[in-house]
Amino acid sequence: MSLNGSFLCDEQFQCSICLELFTNPSSTPCGHSFCMSCINRYWDGAKICQCPLCKKTFQKRPDLQINRTLREITDQFKSMSGGGVTGKEKGGLQGGGGNGAMPQNLFNELRKKLPRPLPKIPLTETSGPAVQGETIPTLLLPVRNSMASSVPNQSNTAVLNHTNEPLPPPKHWSRSNSRRRFTLSGVASSHNIPVCDIHQRGIMIYCKTDQVCICPECEIEDHNDHDTMSVESKWMETKEQVRVSEQEIQELIEMRTRKIEEIKISVNELEMAVDRETASSVCLFSMLASAIERSQAELMEVMDINRRAAEHQADSMIKQLEREVEELRGRQSALAELAKSDDHVHCVKTFTVLSKPPHVKDWSGVSLNCDLGTAAVYKSLSDMVEKFQQELKNVIETVDVTLDSNTAHSRLMLSKDKKSVRCGDRHHFVTDTPERFDRVVCVLGKEPISSGKHYWEVEVGGKTDWDLGVARQSVNRKGKIAYTPSNGFWFLSLREKSKYAFRSEPCTDVHMTHRPSKIGIFVDYEKGQVSFYNVDAKSHIYTFNDIFTENLYPFFSPCTNKSGKNDMPLSITPVHMSE
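Owing to the predicted nature of the structure, the values given are computational and were not obtained by experimental measurement.

This part covers the overall build of the protein chain. When you go through the protein chain residue by residue, the secondary structure sums to 11 helices and 24 strands. Within the protein chain, buried positions represent 40% of all 579 residues. Across the protein chain, the fraction of contacts at a sequence separation of at least 24, relative to all contacts at a separation of at least 6, is 60%. Here the protein chain has roughly 32700 Å² of accessible surface; of this, 50% comes from carbon and sulfur atoms.

Turning to the pattern of salt bridges, a few remarks are in order. Counted by the stated rule, this structure contains 14 salt bridges. Across the pair E217 and R201 runs a salt bridge, and its minimum N-O distance is 3.1 Å. With a gap of 16 residues between them, E217 in helix α6 (residues 216-222) and R201 in the loop between α5 (187-190) and β9 (205-207) connect regions that are remote in the sequence. With a relative accessible area of 16%, E217 lands in the buried category.

What follows covers helix α1 (residues 36-43). Taken together, the buried positions of α1 are M36, C38, I39 and W43. In an axial view of α1, the angular spread of the buried residues amounts to 165°, which keeps them on one side of the axis. Those residues of α1 that are buried lie in contact with β1 (25-27), β2 (33-35), β3 (49-50) and β4 (57-58). One or two residues past the end of α1 sits G45, with phi positive at roughly 85°.

Time to look at the sheet that holds strand β17 (residues 489-495). With antiparallel pairing, the six strands of this open sheet are ordered in space as β14-β23-β16-β17-β18-β19. The outermost strands of the open sheet, each flanked by one partner alone, are β14 (443-444) and β19 (508-510). Relative to strand β23 (residues 552-557), β14 is paired through two bridges, and the arrangement is antiparallel. If you follow L444 over to β23, its bridge partner there is F555.

Reading across the sheet, the three strands line up as β10-β9-β11 and stay open at both edges, with antiparallel pairing between neighbours. The sheet is open, and its two edges are formed by β10 (212-214) and β11 (228-230), each paired on a single side. Going across the sheet, the axis of each strand differs from the next one's by a mean of 35°, ignoring polarity.

On to the confidence of the model for the protein chain, then. Any region with low pLDDT has predicted coordinates that should not be read closely. Looking at the protein chain as a whole, its pLDDT mean stands at 76, while 73% of the residues score no less than 70. Note on residues 83-104: pLDDT is under 50 here. Beyond four places in sequence and across chains, it has 45 contacts. Under a pLDDT of 50 for its full length, residues 115-191 has, in the predicted model, 113 contacts with residues more than four places off or in other chains.

Within the largest apolar cluster, 34 residues are counted, with the highest numbers of intra-cluster contacts made by W456, W466, I519, V523, V530, F532 and F556. The contact partners of W456, leaving out residues within four places of it in the chain, are V399, V401, I449, G469, V470, I519, G520, I521, V523, P554, F556 and V575. One finds M36, F58, L64 and F77 within the second-largest nonpolar core, a separate group that totals 16 residues.

So, about the packing of aromatic side chains. Here the structure, examined in full by the defined rule, presents 16 aromatic pairs. Taking the centre distance of 5.1 Å and the plane angle of 75° together, the rings of Y542 and F544 count as edge-to-face. Following the ring pairs from residue to residue traces out a cluster consisting of Y483, F489, F491 and F555. K361 extends its terminal NZ or CZ atom over the ring of W363, reaching a point 4.6 Å from the ring centre.

A separate point is the side chain of T402. Residue position: T402 is located in the loop between α11 (389-397) and β12 (412-414). At 2.6 Å, the side chain of T402 forms a polar contact with the side chain of E447.

Before going further, it helps to spend a moment on the environment of S37. As for its placement among the helices and strands, S37 is situated in helix α1. The sequence separation of S37 and N24 amounts to 13 residues, and the corresponding C-alpha distance is 8.0 Å.

By the criterion of burial, β17 is predominantly enclosed, with six of the seven residues buried. Inspection of the sheet shows strand β16 (residues 466-472) paired to β17 by six bridges, in the antiparallel sense. Note that in β17 the partner of L468 across the bridge is L492. Here β17 runs beside strand β18 (residues 499-502); their pairing, made up of four bridges, is antiparallel. When the bridges of β18 are listed, L494 appears paired with Y500. Counting the residues that bridge the hairpin from β17 to β18 gives three residues, and of these E496 lies at a positive phi of roughly 55°.

Following the sequence through the fold, S517 ends up in the loop between β19 and β20 (518-524). Residues S517 and G461, spaced 56 residues apart in sequence, show a C-alpha to C-alpha distance of 4.7 Å. Aside from chain neighbours lying at most four places away, what touches S517 is V458, E459, V460, G461 and D536. A distance of 2.7 Å separates polar atoms of two side chains, one belonging to S517 and the other to D536.

How each quantity is defined
Residues numbered from 1 in each chain as written. Predicted model: local features only at pLDDT ≥ 70, side-chain atom pairs only at ≥ 80, totals over all residues. Heavy atoms only, no water. Helix = DSSP H or I, 4+ residues; strand = E, 2+ residues; numbered from the N terminus. Buried < 20%, exposed > 50% of the residue type's maximum accessible area, 1.4 Å probe, protein only. Contact = heavy atoms within 4.5 Å. Areas by Shrake-Rupley, 256 points an atom, 1.4 Å probe, with all protein chains shown as cover. Salt bridge = Lys/Arg side-chain N within 4 Å of Asp/Glu carboxyl O. Arc of directions from axis to C-beta. Pairing = 2+ DSSP bridges. Axes fitted to C-alpha atoms, helices over the stretch in contact; angles between N-to-C directions. pLDDT = per-residue confidence, 0-100. Core = buried A, V, L, I, M, F, W, Y, C linked by side-chain atoms within 4.5 Å. Phe/Tyr/Trp six-rings, centres within 6.5 Å; stacked < 30°, edge-to-face > 60°. Lys NZ or Arg CZ within 6 Å of the ring centre and 35° of its normal. Polar contact = N/O pair within 3.5 Å; in protein donor to acceptor, adjacent residues only side chain to side chain.

Right, dumping it as structure tokens:
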């Protein structure tokens, strides 16, 4: 059998980029072929690699290899077309020059070099139509680059008759007959595609309407009008969701890990607080008679009980957090394994379960109760021993305040001992946590105030602007904030060296005869009072009266540095009680 001139032509061996015959042809994952150098130049410098023909996008640049079969066929086509015989006269290839002869067995040689036999579509259940008593073989005419594709597409083929003209499809062909047919041979079996239990066909289609994986027969019978796509395409969409879920779980793990460290630090600080409180109480009780020794023992017992209770609470919280971390890591590991799997059906089905948020506790508002429970004991002592009431009050009021770096704005610079803060010229890299203020240059103290009386002093020096006071634990820390008592802020402000005001509703201006260099803040939680004092002048400035229902934290804002004019820090200083 000789080759007809319309069977093979230059365009079938032509690169779509350089428009020349293939040189070292290579095929993309979508099945189109180009010169190796052409497609590499096309992709060089591109942020996203896509096929020049069908525009299919590849997340990772494909590692292309030379299609040796197509190269051999192209080389043989070049050598044979160079002879230039006339197609219809000699049965050769079109487009060649000269008068060379074409070998009669070229078709058989080309068929041997193709990856699989040329597909044929029978026109009837028997052989092709007979013309003058002969059976005419029917051929599929491949389109451009079809030799580089392992599975031809029926929509790109035409049936030829003996006159080399395309035959129209028989009238009894239905739309379903033109669907692409998948079997368990070839590519399907090489990828271990699962088989439909009903039709024994490869499950390679995903029905978006019913959200199930099906085979081609299922699509024809039960999902004919549904929105469908390939399982591989569905998995590529789902894979991005897997990455998002994996990142969310990683963030949950990191948050709980930070909470574990925070609780451990709180336990250490609790031990230090117990040591400080014990030293203060011993100093006080040493001046009393044996009549109050019983009260001292009671105080120790209360602190020990509260310490053990806090440690027990911390251990319980840590264990629960560790269990959640273990569960989340298991979920993370499962998602990582799922992302590596080639079993698309299993991945799609499994991700539905793994993508559901794990049942974990919201730890954002959980903290260790560090209340020593000594306020009631001290109050009892003050009632019992009147002459030591003032000294006892001094012990209760004095609190060792340190700054919490986890709440500090990114422009703030804290000292190593966490006792002073100033505003820098630029933002520093910090983790954006829910506790951190992101717009206002301020920071909170680390020690919560949940009961009793507390007092601390802050050196303001020659600063031109600052804010000092207390803030509620649940205050808004993101974006623009209204600093009023109704929003959980009670503090004194200085602006432009001499304008003092309290952020009450409405704002209250304060006129001071003597400009203070040190401000004292006193909090009586039970009475709902926040008072401010001019330490240098030993005078009272202002007192807020409110009702406190949650933890309070000392509030510090050095304000912006005003191009160096307000560069001095706010410093927490030791309290020296007067005699």
